Each structure stands twice: as C-alpha cells, then as structure tokens.
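# Overview (structure and organization)
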Amino acid sequence: IAVLLFNLAGFILLYLILRLQGVTPWNPEGIPPMSPDLAFNTAISFVTNTNWQAYGGESQLSYFSPMVGLGVQNFVSAATGVAVAVIRGFVARGTGEVGNFWVDLTRTVLYILLPLSILGAVILISQGVPQTLSDYAHALTLEGAQQVIGQGPAASQIAIKQLGTNGGGFFSV
C-alpha cells in the first residue's frame, strides 16, 4: 500500500509540475506548460520507470521540470525498484516479513543513488556536459544564421538517468 500511495502522490505532483511549468521558476526560455495528455504520459512514464520519452527535453521542458519533477522521480522510481525487488527479494527471503518500504527507499536514495549520481555528474561536468541555470546560448553560424543552443542542468540529470536506467533525456537526442 505504501508503494502504491507513494507512486500515486509522485504522479500527481509530477503531472502538476509539468502542467504548471509556464509559471515555475528556472524557465529562462519561457517554455509553456505541457499539454494534458503529454504531461500525463510523461508523469506515468517517470513514476513507473518505463523509459518512455515523447517530448523534446530542451524544447518542451523548463529547467525546473527536470530538476524538481523528473529528477526526483528518477531517484525514487529507481529506489522503489531496488527497495521492492532487490532488498525485499534477497534480504527478507524466508523470513515471512515484508519490511519497511520507507526505510529501504531512504537508504537506497541516500546511500547508493545520490553518492553515485554526484560522482557521475562531476565526471560529466569535467567532460564538458552543461550544468547551468543560464539562458540558452545564442550563436551565429558560419553561414550567418542564428542558432539557439540548449543548455541547462544537464549533467546532474543525465547522471541519475543513466544510473537509474530511466528514459527522458535532458536533450531531444
């Protein structure tokens, strides 16, 4: 019951973040809210960790949405899988006890996912992956055209995305 209620709350919160992203902070490009069906699809995908992305990250998400909405789900959906499948499956096997979901979730996030994600983000930043809240870069091409180069807090999001085997890349590619 705890897992189901936790994931329902996560879905509702993420859906609201995606639908309200036009008024949230960290939206330097003024990206509007997601449509109701796309926000629903995205929220379900991230809560269930099903690796589905039907949107362009840099063109349809403010910085707030991946940092607060998708990022949190990247951690907790992966931790939910670890807590339920791994910890309960191996540790509690044969005891007849289910265990405490909240303890397992907290330990998985704090002691496994968060430290490895910080390390991964530092490595990605050292290799040139953007990690900024600055506006998108505007460049002049060799042909004289203007080009908008998406950036943002990508390294931190990519680190947990890869670690938690989640979909939803920060950039459309």
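Scroll up to find the structure.
Criteria and thresholds
- Residues numbered from 1 in each chain as written.
- Predicted model: local features only at pLDDT ≥ 70, side-chain atom pairs only at ≥ 80, totals over all residues.
- Heavy atoms only, no water.
- Helix = DSSP H or I, 4+ residues; strand = E, 2+ residues; numbered from the N terminus.
- Buried < 20%, exposed > 50% of the residue type's maximum accessible area, 1.4 Å probe, protein only.
- Contact = heavy atoms within 4.5 Å.
- Areas by Shrake-Rupley, 256 points an atom, 1.4 Å probe, with all protein chains shown as cover.
- Lys, Arg positive; Asp, Glu negative; His and termini not counted.
- Charge placed at Lys NZ, Arg CZ, Asp CG, Glu CD.
- Axes fitted to C-alpha atoms, helices over the stretch in contact; angles between N-to-C directions.
- Parallel < 35°, antiparallel > 145°, perpendicular 65-115°, else oblique.
- Left-handed = near helix turned anticlockwise from the far one by under 90°.
- Nonpolar A, V, L, I, M, F, W, Y, C, P; charged D, E, K, R; others polar.
- Core = buried A, V, L, I, M, F, W, Y, C linked by side-chain atoms within 4.5 Å.
- Phe/Tyr/Trp six-rings, centres within 6.5 Å; stacked < 30°, edge-to-face > 60°.
- Polar contact = N/O pair within 3.5 Å; in protein donor to acceptor, adjacent residues only side chain to side chain.

Each helix and strand in the chain was counted, giving six helices and two strands. In the chain, the succession of α and β elements from N to C terminus is α-α-α-α-α-β-β-α. Overall size of the chain, expressed as C-alpha extent along the three principal axes, is 70 × 35 × 25 Å. Burial statistics for the chain: of 173 residues in total, 38% are counted as buried. Contacts in the chain between residues far apart in sequence, at least 24 positions, make up 65% of those at least 6 positions apart. Accessible surface, the chain as shown: approximately 9,500 Å² in total, 67% of it carbon and sulfur. Charge separation in the chain, taken as the distance between the mean sites of 5 positive and 7 negative side-chain charges, equals 19 Å.

Two elements in contact, helix α1 (residues 2-19) and helix α2 (residues 36-48), have axes whose closest approach is 9 Å; the angle formed by their N-to-C orientations is 140 degrees. Relative to α2, the element α1 is oriented oblique. Along this stretch, α1 crosses α2, giving a crossing that reads as right-handed. Two secondary-structure elements touch here, α1 through N7, G10, F11, L14, Y15, L18 and R19 and α2 through P36, A39, F40, T42, A43, I44, F46 and V47. Grouping the amino acids of the contact of α1 with α2 by side-chain chemistry returns 11 nonpolar, three polar and one charged.

Right, let's get into the nonpolar core. Residues F11, L14, L18, M34, L38, A39, A43, F46, V47, Y55, L61 and L70 constitute the largest nonpolar core, which totals 12 residues. Counting residues per element, the ones that place at least two in this core are α1 and α2. Here this core gets five residues from one element, more than from any other, and that element is α2. Counting 10 residues, the second-largest nonpolar core is a separate cluster that includes F75, A79, A83 and L113.

With that settled, the discussion passes to the packing of aromatic side chains. For any pair of aromatic rings, the description rests on two quantities: the centre-to-centre distance and the angle between the ring planes. Under the defined criterion, the tally for this structure stands at eight aromatic pairs. Taken together, a centroid distance of 5.9 Å and an interplanar angle of 40 degrees make the contact between W26 and F64 tilted. Residue W26 is located in the loop between α1 and α2, and its partner F64 is located in helix α4 (residues 64-91); the two are separated by 38 residues in the primary sequence. Given a relative accessible area of 15%, F64 falls into the buried group. Ring-pair connections join several aromatic residues into one group, and the members of that group are F6, F101 and W102.

A word on the side chain of T80. Along the chain, the position of T80 falls in helix α4. On the basis of relative accessibility, which here comes to 10%, the residue T80 falls in the buried class. From its side chain, T80 meets the backbone oxygen of V76 in a polar contact 2.6 Å long. In contact with T80, not counting residues within four places along its chain, are V3, F6, N7, F101 and L105.

In this section: the environment of A43. Turning to its location among the elements, A43 is positioned in helix α2. For A43, a relative accessible area of 0% translates into the label buried. Between the C-alpha atom of A43 and that of Y15, which follows or precedes it by 28 residues, the distance is 5.5 Å.

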